[in-house]
Amino acid sequence: RQNMRNERDEAVQQIAELEAAGAVRIRLSVVLECASAIAKVVILLCIKMLLLPLSLGICLDMTTLPLFDKTLDDRIAYAGTDLFGSIFLHWVSGITFMLLVTVSVLQLREVVHPEILARVIRPQEPQPDLLGNLLQENGPTHAKRILLSLGIYAALLTLHIWLPSHLLVSFNLGKKLPFFRPKLWHFFMPQIQVPAELFLFHLCMLSILEKYKNNIGALQHHWLRVMGSLLGMSDKVLPREVDQFELVGCIPVFAATEDDADAKPSASTKGSSNIDPFWTELLSTVDTTKREAIIRSKVSSMDRAAKPTIRLDTVTRPDGKKDVSRYSFIRFPSTSSDSNRISKSSDETNSHLLPACVGPYRLKQAVLQKSTKSTHVTVIEIWREMPGKLIPRPPEGWDDLGIGGAESQGRWAWGDEHLSEVESSVAVRHPFYYDSDSKAAKMRGAVQFTAKMATLLFISWMAITVLLCVALNIPLYLGHFAFHLLRVPERCFHDPLAFAIGIGLMLPMIGVASNVCSSVSNEGLKGVLLLPWNWIRSFKPHQSRAKVIALTSFFVLWCVVCPLLLGSLYVTFFVGFNAQWLTSGLHENAFSLLASWATGTMLLNSWAAMCYFKMFTKDFWADLAVGDGQGNANGANANGVVQGAARRGAANNAPANAANAVGQGNDALRDTQDRCLSWQGEDGSFGCCYNSIKAFASSWEWDKVDTKALLQDCVVPIVRNLLVAMLVPLLATPLVIFVYLAINESSKLLEGMTEDQSTCTVLFRVFAISSVIVQFLNSSKHSLGKWYDAAHKIARDDRYLIGEILLNYEAPVPFTAS
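Residues numbered from 1 in each chain as written. Predicted model: local features only at pLDDT ≥ 70, side-chain atom pairs only at ≥ 80, totals over all residues. Heavy atoms only, no water.

(A) The confidence of the model for the chain, seen in detail. Chain-level pLDDT for the chain is 78 on average; 78% of the residues reach the 70-or-more range. Taken together, the stretch residues 258–272 has pLDDT below 50 and engages in 14 contacts with residues farther than four places along the chain or on a different chain. Contacts from residues 336–349, a stretch scored under 50 in pLDDT, to residues over four places away or in other chains number 16 contacts. (pLDDT = per-residue confidence, 0-100. Contact = heavy atoms within 4.5 Å.)

Below, the structure written as structure tokens:
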């Protein structure tokens, strides 16, 4: 018994040890699984988000080294001085290239016909569980996707970067383009300035692509529409609507003999009648492409020379499909012998069903009456799609990941997604070339298709190359020109800043060009060339002289007087006081005035554009960083109206005003902001002025010329303030010099001003700043007065009321003698 007890204890101990080892093993396996999952996610993220962009950036740098006239040793030397800046520069270059390629390819998928790229390129889909998707998919799947993406990037990099760069180097054009000869001015530590600028550029690129990526698709659609019309490939590349259906033939269901051809088959004889071999062949064919080829061959063999063209309007099904009837299938009767029926379906019920839609053809059952006898023949009409106008692509909001799939977004479906109404109604694409039994015809079609596609690809490659060169260099030319106008020394030129300034100067030109092209898009290049002539011919003079004088005064003040005053003020203030114009020749003075006018024109219009787009408000920068804030802006406007009404109501309540002095100080601040914001936005002074000029210039509507908006509210206050800011220091500076020379008993005022220009510049700047401050205080005296009253009340309350017990005032009861 003791031995049995010992054996039992040993067995229990062994079981406990096994259980403990199993628990440890389970815990170790869980830890290993978690560690492997973390390692998998980290490795995939590092490959996709770090190594792949960095590799592409290095490849971009290596392919463009000859353009920048640099060598590999120069890049290694720069990496030795600033390793982080070099790595970050290559990463930003690579990720920017990836973003541009990805957005362009996704946009092209939505632009072309869904039969071309919609089944090949996967659309952007919502990823609510990105880490879960990374863990669920195995390694080979990730490897295939990465290798496919890398192959696409490498092919596009070779085609659009390496080849154009070598062509530019071979023609020695790299030295003439400013983008490849960058001018950098490090006003701060380069190790901090370069990463900060790259980070800012990356954020701006993300914001621009997010807001304007549909414009890339619209540009692709416009380009393919123009090239497709020239090469005759629009119906083969771009999607069209189904406008109507054209009747191309009628084929009887039964192949009757001459004796019973005129006899109407009854219900008892239909089963014994022979179905036409054409329909038997269609029923025996499962492939839709082969069925379409059979119908096309049959239609082409029909004699339709003497038959009139019959067209039918479309019938829209609930799913958006365009058809000639509401039926999706046509049921054929069974043949007399099963051997005559060749079926690809295991279901005998479905073996007699023929789809009513076969490619561009629609089948519709009908009964025709013989012309000679009162008999009827059952036939099937064959209707063919008549493509209508092009469908504008891409649709708005197709890339919104929060509103559903293709059915709700309007994009082309992927996989087993439900088709959207737009995709269901798209006409069938014409094939690039038709298969033919004749080898010569087939070869001829293949050669024509290859020639057209090669022409399209070559011209598109040329257009992309030219567009890239223009987009990279024209902003730099404009930025350098702006630096010259602003009298910036060439050693202080900074190309990132010049590029940003050039983009800002190009945006109005691009907007005007896009509006012109969209207005005459149906007329092509001829419409663009005839637009100025038609605009001049439509001019209608106005009978009233008041509006003509107002319009002329506005243009003279805005285009001549204001730029001259502002440019002269800028040059004199920042460059220095130049008294040599009194002794210079006419030619030099005219050139100086012209340069000042150009500087003032750029500054004035830039300031007006920034006011129009509310760039001096915090809402603009918040919307730029976060997103579209129109709703918030409307809410802010509504709150402003409510607060204004509350302030007007509180103004009539003296005790409330005394008790809320701090609140009134905030009200004064808001009043000042509202006063400054009267120039901001489309409803501000510049917005009303611009809308009036635009309405007049677009269609010569003289009634839209608003004298108050043009003169009193816009240009006259600007001229008045510029005159004060310019004339006061311009007159005060010689006066001070004259007094100084008079005290020193010197009568050579002109020579004194010419020799001591630094003193004149300092005096001019002092008087200019003083005049601007005085003008600001004068325009803000109402708000400053309210601020002073609020501060006075706060000081009075702090001295006399705080810490005291206040009692309600009660009027004494008048004493009356009894």
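(B) Examining the packing of aromatic side chains more closely. If you walk through the whole model with that rule in mind, you get 24 aromatic pairs. Residues Phe-68 and Phe-179 carry aromatic rings whose centres are separated by 6.2 Å and whose planes lie at 55° to one another, so their mutual orientation is tilted. Of this pair, Phe-68 sits in the loop between α1 (2–63) and α2 (72–81) while Phe-179 sits in the loop between α6 (139–170) and α7 (190–231); the two residues are 111 residues apart in sequence, bridging distant segments of the chain. Here Phe-68 falls in the buried class, since its relative accessible area comes to 19%. Between Phe-554 and Phe-555 the ring centres are 5.5 Å apart and the planes differ by 70°, which places this aromatic pair in the edge-to-face class. A relative accessible area of 4% means that Phe-554 is categorised as buried. Here the aromatic residues Phe-554, Phe-555, Trp-558, Trp-607, Trp-679 and Phe-686 are joined through ring pairs into a cluster of three or more. Between Arg-393 and the ring centre of Trp-412, over which it is positioned, the NZ or CZ distance is 3.7 Å. Across the ring face of Phe-573, the terminal group of Arg-765 is positioned such that the distance to the ring centre comes to 5.9 Å. (Phe/Tyr/Trp six-rings, centres within 6.5 Å; stacked < 30°, edge-to-face > 60°. Helix = DSSP H or I, 4+ residues; strand = E, 2+ residues; numbered from the N terminus. Buried < 20%, exposed > 50% of the residue type's maximum accessible area, 1.4 Å probe, protein only. Lys NZ or Arg CZ within 6 Å of the ring centre and 35° of its normal.)

(C) Spatial organisation of the environment of Ala-609. Locating Ala-609 in the fold gives a position in helix α17 (residues 586–612). For the pair formed by Ala-609 and Gly-504, sequence separation is 105 residues and the distance between their alpha carbons is 9.7 Å.

(D) Layout of the pairing of strand β1 (residues 240–252). Two elements, β1 and strand β9 (residues 376–390), share 10 bridges in a ladder whose sense is antiparallel. Its bridge partner being in β9, Phe-245 is matched across the sheet by Glu-385. As judged from the three bridges shared by β1 and strand β2 (residues 311–313), these two strands associate in the antiparallel manner. Residue pairing for β2: Gln-244 is matched across the bridge by Asp-313. (Pairing = 2+ DSSP bridges.)

(E) Main features of the nonpolar core. The biggest cluster of nonpolar side chains holds 34 residues, and the ones touching the most others in it are Phe-554, Trp-558 and Leu-710. Mapped onto this core, the elements with two or more residues apiece are α16 (545–575), α17, α22 (685–699), α23 (707–743) and α25 (757–779). Here Trp-558 is in contact with Pro-563, Leu-604, Asn-605, Ala-608, Phe-686, Cys-714, Val-715 and Ile-718, once residues within four sequence places are set aside. By size, the runner-up hydrophobic cluster in this structure holds 20 residues, among which are Val-248, Val-299, Leu-354 and Leu-363. (Core = buried A, V, L, I, M, F, W, Y, C linked by side-chain atoms within 4.5 Å.)

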